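Below, each chain spelled out in residue letters.
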Amino acid sequence: MIKIYKKDSYNSRFLKLLLLGIISMGTMVSCDKELEQFPSNAFAADNFWTSESNANIALTGAYRGSVEYGTQVVPTDWWTYCGIVFMEFATDNAYDRRGDNSTQNRLTNGTLLPNNNVVNGYWKGSYKRIAICNDFLENIEKVDMEQAKIDRMKAEVRFLRATQYFYLSQFWGAAPLVTTTLTPDEANNVDKASKAELVSFVTDELEAAAAALPAFGDLKASEIGRASKQAALAFLGRLYLGEKNFSEASAVYKQIIDMGDNIIDPDYKSLFIPSNENSSENIFSAQYFGGQAGNSLPQHAYPAVASGWHIVNPLGSLADAYGFDDGTPLSYDDPRFDYEDMGANRDPRFRYNFIWDGATFAGRIYDCNPDSSGSVDQLTYSKQATRTGYGLRKFFDESFSGNLLSDYGGNIPIIRYAEVLLSYLEAELEAGNAITQELLDLTINAVRGRASVGLPPITETNAAALRPILRNERRIELALEGQRLWDIFRWGIGDEVLVGDFWGAPFPNSTLYPTTSKKLDPQSRWYVTTKNFREGVDDVWPIPESEVNVNPKLGN
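Residues numbered from 1 in each chain as written. Predicted model: local features only at pLDDT ≥ 70, side-chain atom pairs only at ≥ 80, totals over all residues. Heavy atoms only, no water.

It is not clear to me how the overall build of the chain should be interpreted in this structure. Could you clarify?
Counting its secondary structure elements, the chain contains 21 helices and 12 strands. Considered along the principal axes of its C-alpha atoms, the chain spans approximately 70 × 50 × 50 Å. Taken over 556 residues, the chain has a buried fraction of 62%. For the chain, long-range pairs separated by at least 24 residues make up 70% of all intrachain contacts whose partners lie at least 6 apart in sequence. Approximately 19500 Å² of the chain is accessible, and the part contributed by carbon and sulfur atoms is 49%. (Helix = DSSP H or I, 4+ residues; strand = E, 2+ residues; numbered from the N terminus. Buried < 20%, exposed > 50% of the residue type's maximum accessible area, 1.4 Å probe, protein only. Contact = heavy atoms within 4.5 Å. Areas by Shrake-Rupley, 256 points an atom, 1.4 Å probe, with all protein chains shown as cover.)

Could you clarify how one ought to interpret the pattern of salt bridges in this entry?
If charged atoms from side chains of opposite charge come close, those side chains can pair. What the rule picks out here adds up to 37 salt bridges. Note that Arg 152 is salt-bridged to Glu 223, the shortest N-O span being 2.7 Å. Remark: Glu 223 occurs in the loop between α8 (195–212) and α9 (229–242) and Arg 152 occurs in helix α6 (residues 147–171); sequence separation between them is 71 residues. A residue is classified by how much of its surface remains accessible, and Arg 152, at 16% relative accessible area, is buried. The residue Arg 416 makes a salt bridge to Glu 481 at a minimum N-O spacing of 2.8 Å. Separated by 65 residues along the polypeptide, Arg 416 in strand β10 (residues 412–416) and Glu 481 in the loop between α17 (463–477) and α18 (484–491) bring together distant segments of the chain. A residue is classified by how much of its surface remains accessible, and Glu 481, at 7% relative accessible area, is buried. Among the charged side chains, a network of salt bridges with common partners joins Glu 281, Asp 347, Arg 349, Lys 394, Arg 416, Arg 448, Arg 450, Glu 473, Glu 477 and Glu 481. (Salt bridge = Lys/Arg side-chain N within 4 Å of Asp/Glu carboxyl O.)

Please clarify how the side chain of Thr 108 should be interpreted in this entry.
Counting through the fold element by element, Thr 108 comes out in the loop between β3 (94–96) and α5 (117–139). Of the residues examined, Thr 108 reaches a relative accessible area of 0% and is grouped as buried. Of note is the side chain of Thr 108, whose polar atom sits 2.6 Å from the backbone oxygen of Ala 90. With near-sequence residues (within four places) excluded, Thr 108 lies in contact with Ala 90, Leu 485, Leu 498, Lys 531, Asn 532, Phe 533 and Asp 538. (Polar contact = N/O pair within 3.5 Å; in protein donor to acceptor, adjacent residues only side chain to side chain.)

Even after reading the chapter, I still don't get unusual backbone geometry, so can you show me in this structure?
As a rule of thumb, non-glycine residues mostly have phi less than zero, and peptide bonds are mostly trans rather than cis. For Ser 307, which is not glycine, the phi dihedral falls at a positive 75°. Tracing the backbone shows Ser 307 in the loop between α11 (297–301) and β5 (312–314). Accessibility expressed as a relative area gives 51% for Ser 307, which makes it exposed. A positive phi angle, near 60°, is found at Ser 524, a position not held by glycine.

How do you make sense of the packing of aromatic side chains when you look at a structure like this?
The geometry of an aromatic ring pair is captured by the separation of the ring centres together with the interplanar angle, meaning the angle of the planes. As enumerated under the stated definition, the model contains 46 aromatic pairs in all. Measuring from centroid to centroid gives 6.3 Å for Trp 78 and Trp 172, while their planes differ by 85°, and the two rings are edge-to-face. Of this pair, Trp 78 sits in the loop between α3 (52–64) and α4 (81–85) while Trp 172 is found in the loop between α6 and α7 (184–187), placing the two residues 94 residues apart along the sequence. Here Trp 78 and Trp 172 have matching classes, each one buried. If you follow Lys 394 out to its NZ or CZ, it ends over the ring of Phe 272, 4.6 Å from the centre. A cation over a ring is seen here: Arg 490 above Trp 486, with NZ or CZ 4.6 Å from the ring centre. (Phe/Tyr/Trp six-rings, centres within 6.5 Å; stacked < 30°, edge-to-face > 60°. Lys NZ or Arg CZ within 6 Å of the ring centre and 35° of its normal.)

Sorry if this is basic, but what is going on with the environment of Thr 71 here?
Structurally, Thr 71 is set in the loop between α3 and α4. With a relative accessible area of 35%, Thr 71 lands in the partly exposed category. Along the sequence, Thr 71 and Tyr 81 sit 10 residues apart, while their C-alpha atoms lie 9.3 Å from each other. When near neighbours in sequence (up to four residues on either side) are disregarded, Thr 71 contacts Tyr 81, Ser 296, Gln 299, His 300, Trp 309 and Leu 405.

I would appreciate a short explanation of α17 in the present structure.
Between its terminal C-alpha atoms α17 stretches 20 Å, which fits the 21 Å expected from 15 residues at 1.5 Å a residue. Two to three positions downstream of the cap, the backbone nitrogen of Ala 464 sits 3.1 Å from a side-chain oxygen, assigning the N-cap of α17 to Asn 462. (Expected span 1.5 Å × (residues − 1).)

It is not clear to me how the packing of α17 against α18 should be interpreted in this structure. Could you clarify?
The packing of two helices is summarised by the inter-axis angle and the distance between the axes. With their axes 10 Å apart at the nearest point, α17 and α18 run at an angle of 160° to one another. Here α17 is positioned roughly antiparallel relative to α18, judged by the angle of their axes. Between α17, through Arg 471, Arg 474 and Arg 475, and α18, the contact on the second element is made entirely by Arg 484, Trp 486, Asp 487, Arg 490 and Trp 491. Among the residues forming the contact of α17 with α18, the class breakdown is 2 nonpolar, no polar and 6 charged. (Axes fitted to C-alpha atoms, helices over the stretch in contact; angles between N-to-C directions. Parallel < 35°, antiparallel > 145°, perpendicular 65-115°, else oblique. Nonpolar A, V, L, I, M, F, W, Y, C, P; charged D, E, K, R; others polar.)

I would appreciate a short explanation of the nonpolar core in the present structure.
Side chains of nonpolar character tend, in soluble globular proteins, to be buried together. By size, the foremost hydrophobic cluster in this structure holds 163 residues, and its most contacted members are Phe 159, Phe 171, Trp 172, Phe 284, Leu 480 and Trp 541. Looking at this core element by element, the count peaks at 12 residues for α6. When residues no more than four places from it in sequence are discounted, the contact partners of Trp 541 are Trp 78, Met 87, Leu 107, Leu 112, Val 119, Tyr 122, Phe 171, Trp 172, Leu 485 and Phe 489. (Core = buried A, V, L, I, M, F, W, Y, C linked by side-chain atoms within 4.5 Å.)

In this structure, what is going on with the environment of Tyr 322? I would like to understand it.
Structurally, Tyr 322 can be placed in the loop between α12 (316–319) and α13 (348–353). For the pair Tyr 322 and Asn 472, spaced 150 residues apart in the sequence, the C-alpha separation amounts to 8.7 Å. Not counting the four nearest positions on each side in its chain, Tyr 322 is found in contact with Leu 330, Arg 346, Asp 347, Arg 349, Phe 350, Asn 353, Phe 354, Ile 476 and Ala 479. Within the structure, the side chain of Tyr 322 is placed 3.1 Å from the side chain of Asn 353, a separation counted as a polar contact.

Sorry, what's going on with the confidence of the model for the chain here?
The predicted coordinates ought not to be read in detail in places where the model reports low pLDDT. Summarising the model, the chain shows a mean pLDDT of 92, and 92% of its residues fall at 70 or more. Taken together, the stretch residues 1–42 has pLDDT below 50 and engages in 116 contacts with residues farther than four places along the chain or on a different chain. (pLDDT = per-residue confidence, 0-100.)

What is the right way to look at the pairing of strand β4 (residues 282–286) in this model?
Two faces make up the sheet, and in a regular strand the side chains alternate between them. With respect to burial, β4 is a largely interior element, 5 of its 5 residues being buried. Note that β4 and β10 share 4 bridges and pair antiparallel. Along β10, the bridge assignment pairs Ser 285 with Pro 413. (Pairing = 2+ DSSP bridges.)

It is not clear to me how α9 should be interpreted in this structure. Could you clarify?
The α-helix advances 3.6 residues per turn, and as a result positions three or four apart in sequence lie on the same side. Between the first and last C-alpha of α9 there are 20 Å, a value that for 14 residues agrees with the 20 Å anticipated at 1.5 Å per step. Of the residues trailing α9, Lys 244 is marked for its positive phi of about 60°.

Mind showing me how you'd approach the packing of α3 against α5 here?
It is the contact of α3 with α5, at a shortest axis distance of 8 Å, that shows an interaxial angle of 155°. The pairing of α3 with α5 is recorded here as roughly antiparallel in orientation. The crossing of α3 and α5 is left-handed. The residues of α5 that touch α3, namely those facing Ala 55, Ala 58, Leu 59, Gly 61, Ala 62, Tyr 63 and Arg 64, are Arg 129, Ile 132, Cys 133 and Phe 136. Its residues placed into classes, the contact of α3 with α5 shows 8 nonpolar, 1 polar and 2 charged. (Left-handed = near helix turned anticlockwise from the far one by under 90°.)

Set out below in structure tokens:
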């Protein structure tokens with residue numbers, strides 16, 4: 001659920017309304033078990049769509065979609081921590097401790113099949129939210145309330161529905177396009193719409209939503225978490241980038257920039273913890289409320305020394321993408337690289353995002369050296385500990401002391417202004433427009449030059465030379481925020497970056513490394529896994545087997 005109200009404005013009355021909304025929408029929109037798209041067992045419309053308070057309950061349900069709370073191993077929604085962070089397991093950014101048979105890993109290692117439960121989870125999550133949105137749009141006009149409020153709610157729900165079709169278009173290409181409530185029989189006989197039809201629909205819906213939604217800067221304190229004009233435009237920009245409509249993408253991103261409501265926050269690390277999660281850099285976020293709708297990522301990702309399960313393991317290929325603090329690329333041979341403190345002399349975002357052997361996390365020393373047999377975080381292939389020699393720091397307030405399963409309330413960004421600026425530069429570059437120093441300073445240099453990062457400015461204006469610099473900047477700035485797989489797909493680089501052996505951290509002085517790492521590396525990096533991405537196969541997801549079994553037309 002995306003919370004409608006700011007955390008510190010919660011009171012018992014609203015919390016009761018919120019929880020009632022969660023429970024009510026769970027009953028009101030129970031869906032067909034195959035194509036989870038079409039409400040049944042609903043409250044009688046005449047009994048429910050009768051008041052503004054009920055309309056708010058329904059709106060809460062649309063924002064929540066199919067988000068479930070507690071720990072997950074398979075995403076129930078694109079916007080759960082599992083749907084965002086665990087998506088990185090399918091990329092060259094992170095590895096799932098559960099091993100090569102993890103279904104996230106199978107998305108890109110050459111073994112993707114139509115029965116993959118991750119693909120099924122995203123598919124069902126999309127259509128459940130679409131069902132809720134369709135039901136809302138069909139009934140909201142029945143409510144006796146100000147038309148302006150109805151119009152805003154409709155714009156929000158059209159935005160939410162459009163985002164689901166955005167994901168469907170980008171990961172599946174063709175998929176059913178349904179904008180009304182259907183009976184189960186109708187649902188199980190739908191035809192697929194082409195990718196072009198989905199893209200056209202999403203374009204129209206996001207344009208309409210952007211025209212009707214309030215600007216980010218006009219959201220009241222009690223409305224933090226609700227969709228804004230900038231959120232709709234940012235998704236529209238994503239769609240244009242994905243479809244290589246670069247001039248259109250550039251124009252949309254420039255609109256967001258010219259509005260002036262959003263900033264590059266000087267404090268990068270704080271963007272991902274509760275104290276600053278409502279920064280105006282975070283345009284739209286997955287909202288959590290500790291104790292009631294908690295974020296369980298700490299339980300899944302904390303190291304064992306801090307009572308976590310250490311599921312999320314950054315790969316060495318991502319760690320090594322962070323250069324030195326003077327902007328030069330990383331080299332193990334450079335005297336500035338310190339095997340005993342891999343965060344020394346590095347791009348500060350390396351220190352903000354990761355933990356490594358000998359680092360401090362939540363007041364504890366993280367000891368993952370392969371020789372540290374007495375450590376619960378020892379790097380092996382068997383302990384409930386790292387598989388790469390790295391752990392996750394991003395998204396966590398290390399002073400948190402509550403229950404790791406249910407008490408953490410940290411949000412997870414879905415759209416940040418940093419993405420907008422980097423995407424604007426990409427759109428300008430790929431559209432063939434001139435790259436000027438002014439443009440670089442407005443975009444990539446604003447991102448990497450924020451006070452807490454302070455990297456020197458980029459001055460490269462040649463498009464071919466700038467492209468890899470920009471792509472790397474996007475990767476390290478947005479690391480573990482769920483963007484990397486889509487970037488790999490739309491750039492068509494899966495056969496370059498998702499093929500071959502993947503390594504973790506280097507341990508050149510380890511006594512056990514030569515006999516415990518499954519493969520040996522001249523730089524003494526720990527072997528993690530091997531991928532065999534199939535270009536043209538793994539970048540278009542199969543419609544889930546369970547759906548095709550019910551409706552064979554979806555397999556055509």
